[in-house]
Amino acid sequence: MSDPDLSSPLIQRQPEVVISIHDNGEEDYNHPSAGQQNQPPRVPRHDHLNPPFGFLSDAEPPPTTVDPFRNDTPGVSGLYEAIKIVICLPIALLRLVIFGASLAVGYVATKLALAGWKDKHNPMPRWRCRIMWVTRICTRCILFSFGYHWIRRKGKPARRDIAPIVVSNHVSFIEPIFFFYELSPTIVASESHDSLPFVGTIIRAMQVIYVNRFSQESRKNAVHEIKRKASSDRFPRLLLFPEGTTTNGKVLISFQLGAFIPGYPIQPVVVRYPHVHFDQSWGNISLLMLMFRMFTQFHNFMEVEYLPVIYPSDTQKQNAVRLSQKTSHAIATSLNVVQTSHSYGDLMLLNRATELKLENPSNYMVEMAKVASLFHISSLEAVRYLDTFSSMNPDSSGRVTLHDFLRVLRLKPCTLSKGIFGFIDVEKAGSITFRQFLFASAHVSAQPLFQQTCELAFSHCDADGDGFISIQELGDALKLTIPNSNKDEIQGMYILLDEDKDQRISKDDFLSCLRRNPLLIAVFSPILSPT
């Protein structure tokens, strides 16, 4: 079948193929992910260790070496690519003119469609939607300017009343442009997108649902809006990229559950970018460089496959995790890629490691979806742990030695401090990775009695009960765990615990420091032991 062009209908109807998924109790019971919502996750036992934490005895799952955010061609390499860029430079200038003109016309049309429209809670009136057709045609011209002269399609979009929600893998900034042209959906986007020049105006016209991924209240409101708009045929269908960020397309990372919580039928869509010399994924490459490389290609290939609609059973309508797993499996199978537990949190760690100028930043990804599930820590907390770990001077392989570990935690070499390090160093390699440090720290802080233990430790250290720990009181407490500590070593620990640097350790200082460095709770364990 020939590829559609500007004169072809955007959506051609055909009989829908529907997959109805039925739960099999026995099969789901044996599935490795069954019951994850209601049962605590299990990690392999680590019974042979004798750590300084009486409540710790679990080991970390093995890490993955996959980097889902790495672009294979971030720069120009090879004679062929160099010659091609030189040849295509005149073409690139023409394409740039088409891009600029299309963006300007689309922006003006969108401003006209939005002029005077204040009732954003209800669907956009039809006459305004007709004006947006001009913007949709302009987006197809933008795709053309980027070298997507034709786009191969497989399958057809289901009718809106059949599948009100569409989900897709996310590789580049091209997919939102394509889907706006093809489907004109309502999208879910970060609040930061609203301030982007041109783009912010256009996505407002798409009746965007804004979400702050770091705010639980914002995520809850977004899910409510998704359900409200999906339930009404008056609104456009909804488009979500459940991975939450772009990847290189070689794996499928963990899905956020926002698209699946409402329990509506889902149509998965797979987007591919076949290539030999130029990886079109938006990974470790700047937006300007990626656009330049697109402008200087003879043609960029893109394939879009609409998969059969996934109808959740009554059970799965109440279980977003299972519906998400079925959908991600369908997309991963079509892409012929593996699924990993990476998430947007790993991209945050990758970017933070780059900002800190750590060698091989990909060493600091930990598959945050798995970590969050095991220990209920946020991506922001993981980034704070990375800040602490980076101060330990990791080497090029991302490993930290005992000396640097003790230096940052203000500990002297002794039986206790070596025991803390030995607990983290499950490989007995004499050095630790960030993943090991994060798992150990997060596991300690996730213990049910951690907060209570920290408060009790403060009370024991505050011998005179004045609400502050003096350096003399700290020295007396440390004598029980780190004998023969000199004044400089006690002073170092005192400075570390004094979070606000006001020359005294309040309860807030003490608790805040232990939340940032939960492994230090072992230092105060003997004073909490019954005599």
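Identification of the protein chain as EF-hand domain-containing protein from Brassica campestris is taken from an unreviewed UniProt entry. What UniProt states about the protein chain under its Pathway (unreviewed entry) heading is, verbatim, "Lipid metabolism; phospholipid metabolism." Its UniProt record gives the protein chain a comment under Sequence similarities (unreviewed entry), which states: "Belongs to the 1-acyl-sn-glycerol-3-phosphate acyltransferase family."

Side note on the packing of aromatic side chains
Within the structure shown, the criterion is met by 19 aromatic pairs. Arranged with centres 6.1 Å apart and planes meeting at 70°, the rings of Phe 99 and Phe 295 form a pair that is edge-to-face. Pair noted here: Phe 99 is in helix α2 (residues 79–114) and Phe 295 is in helix α7 (residues 287–295), with a separation of 196 residues, a long-range link. For the residue pair Phe 99 and Phe 295, the accessibility class agrees, reading buried in each case. The interplanar angle of 55° and the centroid separation of 5.7 Å between the aromatic rings of Phe 458 and Phe 510 together place this pair among those described as tilted. Here the residue Phe 458 occupies a position in helix α16 (residues 450–461), and Phe 510 occupies one in helix α19 (residues 507–516), the gap between them amounting to 52 residues. Judged by its relative accessible area of 6%, Phe 458 falls in the buried class. When its relative accessible area of 0% is taken as the criterion, Phe 510 is described as buried. A network of ring pairs unites the aromatic residues Phe 99, Phe 146, Phe 173, Trp 282 and Phe 295 as a single cluster.

Let's talk about the side chain of Glu 81
Structurally, Glu 81 is set in helix α2. Reaching out from Glu 81, the side chain makes a polar contact with the side chain of Lys 84 at a distance of 2.6 Å. A polar contact is formed between the side chain of Glu 81 and the side chain of Gln 297, at a distance of 3.5 Å. Excluding anything up to four places from it in sequence, Glu 81 contacts Val 76, His 277, Arg 293 and Gln 297.

Focus: helix α6 (residues 216–230)
The first and last C-alpha atoms of α6 sit 21 Å apart over 15 residues, in line with the 21 Å expected at 1.5 Å per residue. For α6, the complete set of buried residues consists of Ser 218, Ala 222, Val 223, Ile 226, Arg 228, Lys 229 and Ala 230. The secondary structure elements touched by the buried residues of α6 are β3 (165–168), β4 (186–190), β5 (209–211) and β6 (238–240).

Overview of the confidence of the model for the protein chain
Per-residue confidence for the protein chain gives a mean pLDDT of 85; residues scoring 70 or more make up 86%. Overall, residues 1–50 carries pLDDT values under 50, and its contacts beyond four positions in sequence, including any with other chains, amount to 73 contacts. Scored below 50 in pLDDT, residues 54–61 makes 29 contacts in the model with residues more than four places away or belonging to other chains.

With respect to a nonpolar patch on the surface
A contiguous nonpolar surface patch, about 530 Å² in accessible area, is contributed by Leu 79, Tyr 80, Ile 83, Ile 87 and Phe 298. As for its placement among the helices and strands, Phe 298 is situated in the loop between α7 and β9 (303–306). Classification of Phe 298 as partly exposed rests on a relative accessible area of 43%.

As for the pairing of β9
The pairing of strand β2 (residues 152–154) with β9 spans three bridges and is parallel. The partner of Arg 153 across the bridge, within β9, is Val 304. Direction of pairing for strand β8 (residues 266–272) relative to β9: antiparallel, over a ladder of four bridges. Paired with Val 270 across the bridge in β9 is Glu 305.

Structural notes on the state of the cysteines
For the coordinates displayed, the defined rule picks out zero disulfides. Looking at the unpaired Cys 513, the closest cysteine sulfur is the one in Cys 454, lying at 9.8 Å. With a relative accessible area of 0%, Cys 513 lands in the buried category.

So, the UniProt feature "domain: EF-hand" (unreviewed entry) in the protein chain
Mapped onto the present numbering, the UniProt feature "domain: EF-hand" (unreviewed entry) falls on residues 449–484 and 485–520. Annotated as 58% helix and 6% strand, the span residues 449–484 places its first and last C-alpha atoms 30 Å apart. Strand forms 6% of residues 485–520 and helix 58%; the C-alpha atoms that close the span are 16 Å apart.

So, the pairing of β8
Burial runs high along β8: six of the seven residues are buried. Where β3 and β8 come together, four bridges link them in parallel fashion. Looking across to β8, one finds that Ile 165 is bridged to Ile 266.

Each value, and the rule that gives it
- Residues numbered from 1 in each chain as written.
- Predicted model: local features only at pLDDT ≥ 70, side-chain atom pairs only at ≥ 80, totals over all residues.
- Heavy atoms only, no water.
- UniProt positions renumbered as here; feature names shortened; annotations may be inferred.
- Phe/Tyr/Trp six-rings, centres within 6.5 Å; stacked < 30°, edge-to-face > 60°.
- Helix = DSSP H or I, 4+ residues; strand = E, 2+ residues; numbered from the N terminus.
- Buried < 20%, exposed > 50% of the residue type's maximum accessible area, 1.4 Å probe, protein only.
- Polar contact = N/O pair within 3.5 Å; in protein donor to acceptor, adjacent residues only side chain to side chain.
- Contact = heavy atoms within 4.5 Å.
- Expected span 1.5 Å × (residues − 1).
- pLDDT = per-residue confidence, 0-100.
- Patch = residues over 30% accessible without salt bridge, like charges linked within 9 Å, V, L, I, M, F, W, Y side chains within 5 Å.
- Areas by Shrake-Rupley, 256 points an atom, 1.4 Å probe, with all protein chains shown as cover.
- Salt bridge = Lys/Arg side-chain N within 4 Å of Asp/Glu carboxyl O.
- Pairing = 2+ DSSP bridges.
- Disulfide = S-S within 2.5 Å.

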